[in-house]
Amino acid sequence: MLDIRSDLSNRDFVAALPKVELHVHIEGAIEPVTLFEIADRNKIELPYDSPEGVLAYQSDRRGAGRENLVSFLECLDISRDALRTPDDYRTITVEFLSRCGREGVRYVEVMFDPQQAIRQGVSFGDCVDAIADGRRVGWRDFGVRSQAIMCFQRDHDPEQASRLIEAADTHRDDIVGIGLDNFETPGFPAMFRAAYDQARQREYRLTSHCDVNQPDSADHIRACIEVLRVERIDHGLNVIDDPALLDLVLERDIALTGCPTYYTGQASSAEIRLEMHRSLLAAGACISLNTDDPAQFGSGWLSNTIWSAMEAAPFTRADIVRFTQNAIDAAWIDEAHRRELTTELRAFSGGYGEASVPAG
Ligand SMILES: [Zn+2]
């Protein structure tokens, strides 16, 4: 058996690791070359000279002292604004899953924003169908299984979210869960209570973003758990700042989808944020490592994300195996699929990582 302690460099270890991703936005996973192709066919003018200029532009924004969620979403808007047809959604889904195949990702839950699609002239049904079609290609051609999470934007009309949940009844098999993303607006969980009640009645799995160090972060996380009754929080690192909230997260087995490279690459407080990941792992929280928006700010695809976090934190290989098992444990899949992924991870790690972290 491969000895992961000695036979591989950290980079090779992460590349060979059978990976699972639970927090990635399809609109944030558009490769610059693809973005140019799509913008060209839709006659959209981009603020970049070339595909190489995408990262340079983003870095410029970052360097202008705007290291925050707002500047991040402004850059994301430029990419997702180019999407104008169902074929655009199909293209980016196929390309993303092709990339996942090359990254050694076995299973991914990919988020999409139907409100964004509708604003850009792609109907709800066409958007869902295009992503579902792309996902079938991803499994057939690249061996990557995936499911889709429909996200509503927290700064947009909650009643539109309710209407879309009803519209999704004819696409139920193509959507596994419901989430909330985009700008974190004050007191957002209460506004989406009715939509989440509808989603729960339809047996969707439930998650919500709670971004890091936002105003009222802990209150938002608590309300997502108690009012929206989510089973997962995307980011949610501020759980570690509030012992009572941490107890609630552990007691209810709420999963957290951390996104470390966004922070190592962008934030001035990267070390503190990586330490939040470490503390949550050590506390036994079901936290995983994910890319979020891999084409933004050079965040990198999943192998690079995990490797960068591993080097910067630093995390041990046992920690990385534990983060990966957490992703498998939190995935919205059936138990046979979960056993299959767990068996592969254990065969890879030889059980290494099982004993060095306290059980959650
Ligand atoms: Zn996200």
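Residues numbered from 1 in each chain as written. Predicted model: local features only at pLDDT ≥ 70, side-chain atom pairs only at ≥ 80, totals over all residues. Heavy atoms only, no water.

**Considering the coordination of the zinc ion**
Working step 1: Taken together, His23 (NE2), His25 (NE2), His209 (NE2) and Asp292 (OD) make up the protein donors of the zinc ion, found 2.1 to 2.2 Å from the metal.
Working step 2: Coordination at the zinc ion is irregular: its four donor atoms span angles of 83 to 175° at the metal.
Working step 3: Of note, the zinc ion draws all its donor residues from one chain, in the sequence arrangement H-x1-H-x183-H-x82-D.
Working step 4: For histidine 23, a relative accessible area of 0% translates into the label buried.
Working step 5: Among the residues examined, histidine 25 registers a relative accessible area of 6% and is labelled buried. (Donors = N, O, S within 2.8 Å, 3.2 Å for Na, K, Ca; no water. Tetrahedral: all angles 85-135°; square planar, octahedral: opposite > 155°, others 65-115°. Buried < 20%, exposed > 50% of the residue type's maximum accessible area, 1.4 Å probe, protein only.)

**Focus on the pairing of strand β1 (residues 19–25)**
Regular strands place side chains that alternate from one sheet face to the opposite one.
Working step 1: With seven of its seven residues buried, β1 lies for the most part within the structure.
Working step 2: Bridging between β1 and strand β2 (residues 105–112) involves five bridges; their strand directions are parallel. Residue pairing in the sheet places lysine 19 in a bridge with valine 105 of β2. (Helix = DSSP H or I, 4+ residues; strand = E, 2+ residues; numbered from the N terminus. Pairing = 2+ DSSP bridges.)

**Examining the packing of aromatic side chains**
Working step 1: By the definition in use, this model includes three aromatic pairs.
Working step 2: Geometrically, the ring pair formed by phenylalanine 315 and phenylalanine 323 is edge-to-face, given 5.1 Å between the ring centres and 75° between the ring planes. The pair phenylalanine 315 / phenylalanine 323 is uniform in exposure class, with both members buried.
Working step 3: Above the face of the tryptophan 307 ring, arginine 11 is positioned so that its terminal group lies 3.6 Å from the ring centre.
Working step 4: Over the aromatic face of phenylalanine 188 sits the side chain of arginine 154, whose NZ or CZ is 4.9 Å from the ring centroid. (Phe/Tyr/Trp six-rings, centres within 6.5 Å; stacked < 30°, edge-to-face > 60°. Lys NZ or Arg CZ within 6 Å of the ring centre and 35° of its normal.)

**Looking at the sheet that holds strand β3 (residues 145–153)**
Working step 1: Pairing in this open sheet of eight strands is parallel, and the strands run β1-β2-β3-β4-β5-β6-β7-β8 from one edge to the other. The outermost strands of the open sheet, each flanked by one partner alone, are β1 and β8 (286–289). Averaged over neighbouring strand pairs, the angle between their axes works out to 25° when direction is ignored.
Working step 2: Across six bridges, the pairing between β2 and β3 is parallel. Directly across from valine 108, in β3, lies its bridge partner serine 146. (Axes fitted to C-alpha atoms, helices over the stretch in contact; angles between N-to-C directions.)

**A word on the pattern of salt bridges**
Working step 1: Under the criterion given, the structure shown has 23 salt bridges.
Working step 2: In this structure, arginine 80 engages aspartate 77 in a salt bridge whose closest nitrogen and oxygen atoms are separated by 2.8 Å. Within this pair, arginine 80 and its partner aspartate 77 are both found in helix α4 (residues 69–80), separated by three residues, close to a single helical turn.
Working step 3: Residue classification places aspartate 77 among the partly exposed residues on the basis of a relative accessible area of 30%.
Working step 4: Where glutamate 335 meets arginine 338, a salt bridge forms, and the shortest distance between an N and an O atom there is 3.0 Å. (Salt bridge = Lys/Arg side-chain N within 4 Å of Asp/Glu carboxyl O.)

**A few points about unusual backbone geometry**
Working step 1: In this chain, alanine 313 is followed by proline 314 through a cis amide linkage whose omega measures -15°.
Working step 2: Within the secondary structure, proline 314 sits in the loop between α15 (302–312) and α16 (317–330).
Working step 3: With a phi close to 55°, arginine 229 is a non-glycine residue in the positive phi region.
Working step 4: Residue placement: arginine 229 occurs in the loop between α11 (217–226) and β6 (232–235).
Working step 5: The residue histidine 235 is not glycine, and still its phi comes out positive at about 75°.

**Regarding the confidence of the model for the protein**
Low-pLDDT portions of the prediction should not be read for the details of their coordinates.
Working step 1: The share of residues in the protein with pLDDT of 70 or more is 90%, and the mean pLDDT across the chain is 91.
Working step 2: Across residues 355–360, where pLDDT falls below 50, the model places six contacts with residues more than four positions away in sequence or in other chains. (pLDDT = per-residue confidence, 0-100. Contact = heavy atoms within 4.5 Å.)

**Remarks on the side chain of arginine 80**
Working step 1: Among the residues examined, arginine 80 registers a relative accessible area of 3% and is labelled buried.
Working step 2: A polar contact of 3.3 Å, which involves the side chain of arginine 80, links it to the side chain of glutamine 116.
Working step 3: A polar contact of 2.8 Å, which involves the side chain of arginine 80, links it to the side chain of asparagine 182.
Working step 4: Excluding its chain neighbours within four sequence positions, the residues that come into contact with arginine 80 are Glu27, Asp113, Gln116, Gln120, Gln153 and Asn182. (Polar contact = N/O pair within 3.5 Å; in protein donor to acceptor, adjacent residues only side chain to side chain.)

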